Amino acid sequence: AQTVTQSQPEMSVQEAETVTLSCTYDTSESNYYLFWYKQPPSRQMILVIRQEAYKQQNATENRFSVNFQKAAKSFSLKISDSQLGDTAMYFCAFMKRGGAGKSTFGDGTTLTVKP
Amino acid sequence: DTAVSQTPKYLVTQMGNDKSIKCEQNLGHDTMYWYKQDSKKFLKIMFSYNNKELIINETVPNRFSPKSPDKAHLNLHINSLELGDSAVYFCASSQEGTDTQYFGPGTRLTVL
């Protein structure tokens with residue numbers, strides 16, 4: 001079974017600064033996907049970024065980028081130029097390739113961006 | 001156009017009642033899911049259907065019964081509601097063979 005750990009229940013950052021959210025996971029699988037989801041107060045789950053485990057290159061989506069360390073089983077999310085609208089709960093998730101879409105989520109990190 | 005929709009968005013009911021939550025997706029996906037997010041925001045998969053067939057059934061009380069009349073719809077029926085069933089229930093969909101899941105807006109269920 002897979003586990004996903006987010007060790008920071010809460011974080012805060014000043015507007016325009018950079019923040020990094022941590023995620024570690026445990027699996028015996030070699031082929032899988034990793035995701036970061038954002039859940040703002042509206043509660044909608046929004047996919048922020050995804051990473052395929054067999055790709056060494058870190059994924060980037062505008063101000064969001066990841067640091068994927070497969071050997072260390074680490075998948076951190078960096079948010080650059082933080083904006084007030086980034087205030088949300090962020091979930092890290094794992095999905096085994098060919099695993100019928102079953103995702104395992106971390107417990108989440110609540111990020112507050114301060115003006 | 002809403003890709004994954006759920007009805008109702010809010011549901012308040014008494015213990016012991018039976019209720020249903022409906023989910024529809026217009027993305028042409030063939031796999032749909034139900035997730036439960038509890039009061040501590042923990043998110044966990046409950047069920048997954050592929051082309052109307054159940055493929056994932058996590059440890060969920062049998063009071064919960066998913067039904068998929070067609071591949072665009074996945075409903076969740078809950079019998080004999082209990083206080084601990086209070087949560088936000090999310091529906092999601094994906095195309096088989098791909099990894100990206102699209103979530104609905106969630107249904108907040110409150111059992112009194």
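For the structure, check the block above.
This report concerns the structure included in the present document.

### Observations regarding the interface of chain A and chain B
Contacts between the two partners involve 19 residues from chain A, matched on the other side by 24 residues from chain B. In total, chain A and chain B occlude about 1,700 Å² of area from one another, counting both sides; carbon and sulfur atoms represent 54% of this. For chain A, the biggest contributors to the area lost against chain B are Arg-43, Lys-102 and Phe-105 of chain A; these three give 34% of the whole. Taken together, chain A and chain B are joined by one salt bridge. The set of elements that each furnish at least two residues to the side of chain A that touches chain B consists of strand S5 (32-39), strand S6 (46-52), strand S10 (88-96) and strand S11 (103-105) of chain A. Per-element tally for the side of chain A that touches chain B: the top contributor is S5 of chain A, with four residues. Tallied by class, the residues present in the side of chain A that touches chain B amount to ten nonpolar, five polar and four charged.

### Description of the state of the cysteines
By definition, a disulfide links two cysteine residues through a covalent bond between their sulfur atoms. In total, this model carries two disulfides over all chains according to the counting rule given. Two residues, Cys-23 of chain A and Cys-92 of chain A, share a disulfide whose sulfurs are 2.0 Å apart. Every disulfide takes its handedness from the sign of the S-S torsion; for Cys-23 of chain A and Cys-92 of chain A that torsion is -70°, giving left-handed. Of this pair, Cys-23 of chain A sits in the loop between strand S3 (19-21) and strand S4 (24-26) while Cys-92 of chain A sits in strand S10, and the two are 69 residues apart along the sequence. In terms of burial, Cys-23 of chain A and Cys-92 of chain A fall into one category: buried. Each sulfur of the disulfide joining Cys-23 of chain B and Cys-91 of chain B lies 1.8 Å from the other. Torsion about the S-S bond of the Cys-23 of chain B and Cys-91 of chain B cystine: about -75°, corresponding to left-handed handedness. On the criterion of sequence distance, the pair formed by Cys-23 of chain B in strand S3 (residues 19-25) and Cys-91 of chain B in strand S9 (residues 87-94) is long-range, its members being 68 residues apart. Exposure remark for Cys-23 of chain B: the relative accessible area of 1% places this residue in the buried category. What makes Cys-91 of chain B buried here is its relative accessible area of 0%.

### A short note on the packing of aromatic side chains
Aromatic ring pairs are reported here in terms of the distance separating the ring centres and the angle at which the planes meet. All chains considered together, the criterion is met by 16 aromatic pairs over all chains. Pairing Tyr-33 of chain A with Phe-35 of chain A gives two aromatic rings, centres 6.4 Å apart and planes at 35°, and the pair type is tilted. On the basis of relative accessible area, Tyr-33 of chain A is assigned to the buried category, the value being 6%. Where Phe-105 of chain A meets Tyr-35 of chain B, the ring centres are 5.6 Å apart and the plane angle is 90°; that geometry is what we call edge-to-face. In this pair, Phe-105 of chain A is assigned in strand S11 and Tyr-35 of chain B in strand S4 (residues 31-37), connecting two distinct chains. Here Phe-105 of chain A matches Tyr-35 of chain B in class, with each residue buried. It is Arg-43 of chain A that lies over the ring of Tyr-10 of chain B; its NZ or CZ is 4.9 Å from the centre.

Cut-off values and rules
Residues numbered from 1 in each chain as written. Chains lettered and ligands numbered in written order. Predicted model: local features only at pLDDT ≥ 70, side-chain atom pairs only at ≥ 80, totals over all residues. Heavy atoms only, no water. Contact = heavy atoms within 4.5 Å. Buried area = accessible area lost by both parts, 1.4 Å probe. Salt bridge = Lys/Arg side-chain N within 4 Å of Asp/Glu carboxyl O. Helix = DSSP H or I, 4+ residues; strand = E, 2+ residues; numbered from the N terminus. Nonpolar A, V, L, I, M, F, W, Y, C, P; charged D, E, K, R; others polar. Disulfide = S-S within 2.5 Å. Buried < 20%, exposed > 50% of the residue type's maximum accessible area, 1.4 Å probe, protein only. Phe/Tyr/Trp six-rings, centres within 6.5 Å; stacked < 30°, edge-to-face > 60°. Lys NZ or Arg CZ within 6 Å of the ring centre and 35° of its normal.

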